[in-house]
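Remarks on the overall topology
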Amino acid sequence: MRARTHTLALAAATVLAATGLTLPFTATATAAPAAPATPLKADFDGDGYADLAVGVPAGTVDGKAKAGYVSVVFGGTDGPGSSNVRRITQATVEVPGTPETGDRFGAAVTTAYIDDDKYADLVIGAPGEDIDGRTDAGSVTVLYGTGDGFALANTAGRGAKAGDAYGNALAAADFTGDTDVDLAIGGKDQVVLNANPYTADTSPGMARRMDGRAPVLTTGDFDSDGLPELAVAYYEQNATRTQSHVQLYRYDKNDEVPGDLDLTWSSDNSAANALAAGDFNGDGHDDLALGNCREIADENIDDPCGPEELAEGGGIHIHYGDGDGLVWEGQTLNQDTPGVPGVAEKGDDFGDALAAADIDGDGRDDLIAGAPGEAIGSAAGAGAVTVLRGGANGILTEDGKAVGAVSYQQNSPGVPGGAEAGDRFGAALGFADHNGDGGPDLSAAAPGENASAGGVWNLPHLATGTTGASVVTPNSLGLPTSSGPLTYGASLAR
């Protein structure tokens with residue numbers, strides 16, 4: 001399976017309630033699928049099914065509001081929710097720390113094979129963690145997968161000062177080329193790099209300070225040199241001039257500052273709430289998609305997100321790779337683009353979440369765009385997701401049309417539930433092979449579902465429709481009630 005994701009979900013196991021974990025399901029014996037050619041990014045227990053990991057930073061733990069947790073749901077022949085589930089908190093035996101009000105454990109979640117065994121590992125950010133009196137310094141935890149689900153854990157990042165908010169964004173890749181996984185950790189005003197996640201040692205990932213909200217991170221080999229680069233989108237709240245930026249950083253072993261990442265490409269005046277890397281035109285080079293790129297932009301001069309009229313309600317801009325890097329000119333689309341379902345309306349937030357994968361097996365990645373603000377009939381903010389097909393020219397044809405694009409929402413045939421105001425279906429997206437059939441399954445979150453209790457939908461057959469779609473919710477998983485809106489699905493593992 002070939003899949004690149006912006007937002008993604010996973011996971012699994014069986015353990016006693018005394019460990020701080022819940023087990024509302026009874027495991028059933030099923031034959032495991034054939035082992036994939038490459039490890040499943042989200043297979044924590046090594047059974048051949050990718051698992052689903054959902055960050056629930058608003059969750060109450062031991063009476064502590066917004067202490068946060070991660071809900072890990074095993075995959076199986078019927079997708080996530082057909083087997084076991086674990087609730088991982090800072091009260092879980094293996095996990096460092098203690099649940100505290102406002103920790104927001106699970107605000108960002110990603111997966112990687114850090115210890116080189118066949119079990120995926122879970123990386124969790126807690127940007128509200130207080131450390132030695134430093135309020136909201138933030139922390140990052142690595143929890144290692146085993147045949148039982150998870151085993152040991154360690155801290156892989158600690159904020160140095162109050163307000164650092166380490167762990168509000170995460171990405172994992174081998175940036176240094178030593179075959180070991182490195183972690184990019186987003187904070188409030190910087191991104192740092194941990195080249196040895198067994199420790200909490202970090203170095204500057206980017207020298208430039210962001211001075212704003214959480215960055216958006218993804219990875220891809222945009223210059224085709226065999227090493228992944230880090231793509232960062234951020235917005236400076238207090239800047240006097242340019243506020244919006246999309247930048248690429250890469251590792252240089254000859255750098256004077258070991259462990260630092262160098263800026264190699266910058267698209268100032270851009271703005272993006274989401275990023276996704278994929279080869280949309282099938283030329284063998286990674287491309288970069290910027291989501292909801294114009295609705296939050298603050299400048300109009302030389303706007304790389306395209307003309308303002310193409311971004312009503314949120315637009316998507318794609319920079320294509322040519323082997324040397326990203327080409328400045330690209331493709332810009334929104335819901336008024338020919339072939340794209342719907343109508344561009346202010347507040348749709350089209351592209352607010354993105355995911356990329358080759359769902360039809362044609363050798364070209366397809367792009368999935370969430371529009372959580374989309375109105376369905378009279379239901380404002382019910383939300384929708386749109387499948388945009390890759391082609392020889394990319395997502396759009398030479399004459400600027402989308403071919404084969406399809407939109408799904410909770411009123412679509414085969415999709416469980418019903419579209420209701422404020423559901424925000426499509427607010428977070430991700431891909432993994434949860435049912436073991438060899439194809440990528442889409443996870444689409446609706447954190448506003450059921451009065452903001454939330455839920456995550458599994459759509460396994462987007463190439464042919466929504467046959468086999470299912471949903472997991474806090475109620476179906478037996479999760480405890482919270483002191484405030486749970487918003488299950490606000491964060492999906494990437």
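Everything below is about the structure shown above.
All of the points below concern the structure found in this document. (Residues numbered from 1 in each chain as written. Predicted model: local features only at pLDDT ≥ 70, side-chain atom pairs only at ≥ 80, totals over all residues. Heavy atoms only, no water.)

A count of helical and extended segments in the protein chain gives one helix and 29 strands. The proportion of buried residues among the 494 residues of the protein chain is 60%. Within the protein chain, contacts between residues at least 6 apart in sequence are counted, and of these 59% link residues at least 24 apart. As displayed, the protein chain offers around 17,500 Å² of accessible surface, 49% of which is attributable to carbon and sulfur atoms. (Helix = DSSP H or I, 4+ residues; strand = E, 2+ residues; numbered from the N terminus. Buried < 20%, exposed > 50% of the residue type's maximum accessible area, 1.4 Å probe, protein only. Contact = heavy atoms within 4.5 Å. Areas by Shrake-Rupley, 256 points an atom, 1.4 Å probe, with all protein chains shown as cover.)

Further remarks concern the pairing of strand E9 (residues 169-173). Two faces belong to every sheet, and in a regular strand the side chains alternate between them. The buried fraction of E9 amounts to five of the five residues, a majority that puts the element mostly inside the structure. The side-chain alternation of E9 yields two buried faces, one formed by Ala 169, Ala 171 and Ala 173 and the other by Leu 170 and Ala 172. In terms of strand pairing, E9 meets strand E10 (residues 182-186) through five bridges, oriented antiparallel. By the bridge assignment, Ala 173 is partnered in E10 with Asp 182. (Pairing = 2+ DSSP bridges.)

This part is about the sheet that holds strand E19 (residues 316-321). Read across the open sheet, the four strands follow the order E17-E18-E19-E20; overall the sheet is antiparallel. In this open sheet, the two edge strands, each paired with only one partner strand, are strand E17 (274-278) and strand E20 (326-333). When strand polarity is set aside, the average angle formed by the axes of neighbouring strands in this sheet is 20 degrees. Pairing analysis gives five bridges linking E17 to strand E18 (residues 287-291), with the strands arranged antiparallel. Note on E18: the bridge partner recorded for Ala 274 is Gly 291. (Axes fitted to C-alpha atoms, helices over the stretch in contact; angles between N-to-C directions.)

Below, the discussion takes up the nonpolar core. In terms of nonpolar packing, the biggest core is built from 20 residues, with Ile 316, Ile 318, Leu 333, Leu 367, Leu 388 and Ile 395 touching the most fellow members. Within the residue set of this core, elements represented by two or more residues are E17, E19, strand E21 (353-357) and strand E22 (366-371). Counting 19 residues, the second largest nonpolar core, distinct from the first, contains Val 387, Val 415, Ala 446 and Leu 462. (Core = buried A, V, L, I, M, F, W, Y, C linked by side-chain atoms within 4.5 Å.)

With that settled, consider the sheet that holds E10. With antiparallel pairing, four strands are arranged side by side in an open sheet as E9-E10-E11-E12. The open sheet has two free edges, formed respectively by E9 and strand E12 (203-204), since each of these has just one partner strand. Sheet topology note: the E10/strand E11 (residues 191-194) ladder contains four bridges and is antiparallel. Looking at E11, one finds that Ile 185 is bridged to Val 192.

For the rest of this paragraph, the subject is unusual backbone geometry. Phi angles above zero are rare outside glycine, and Thr 179 is one such case at about 75 degrees. Relative to the helices and strands, Thr 179 resides in the loop between E9 and E10. Although it is not a glycine, Ser 224 sits at a positive phi angle of roughly 55 degrees. Here Ser 224 lies in the loop between strand E13 (216-220) and strand E14 (229-235). Exposure remark for Ser 224: the relative accessible area of 33% places this residue in the partly exposed category.

Attention now moves to the pattern of salt bridges. The full count for this structure, using the stated rule, is six salt bridges. Of the charged contacts, one joins Arg 86 and Glu 94 as a salt bridge, the two residues approaching to 3.6 Å between their closest N and O atoms. For Arg 86, a relative accessible area of 2% gives the class buried. For Glu 94, a relative accessible area of 22% translates into the label partly exposed. Close ionic contact of Lys 161 with Asp 164 constitutes a salt bridge, the shortest N to O distance being 2.7 Å. By relative accessible area, Lys 161 is classed as partly exposed at 39%. (Salt bridge = Lys/Arg side-chain N within 4 Å of Asp/Glu carboxyl O.)

Of the pairings in the sheet, the one linking E19 to E20 comprises five bridges and is antiparallel in character. Considered in E20, the bridge of Ile 318 is made with Gln 331. A loop of four residues connects E19 with E20, the two strands running antiparallel in sequence, and Gly 323 in this loop sits at a positive phi of about 100 degrees.

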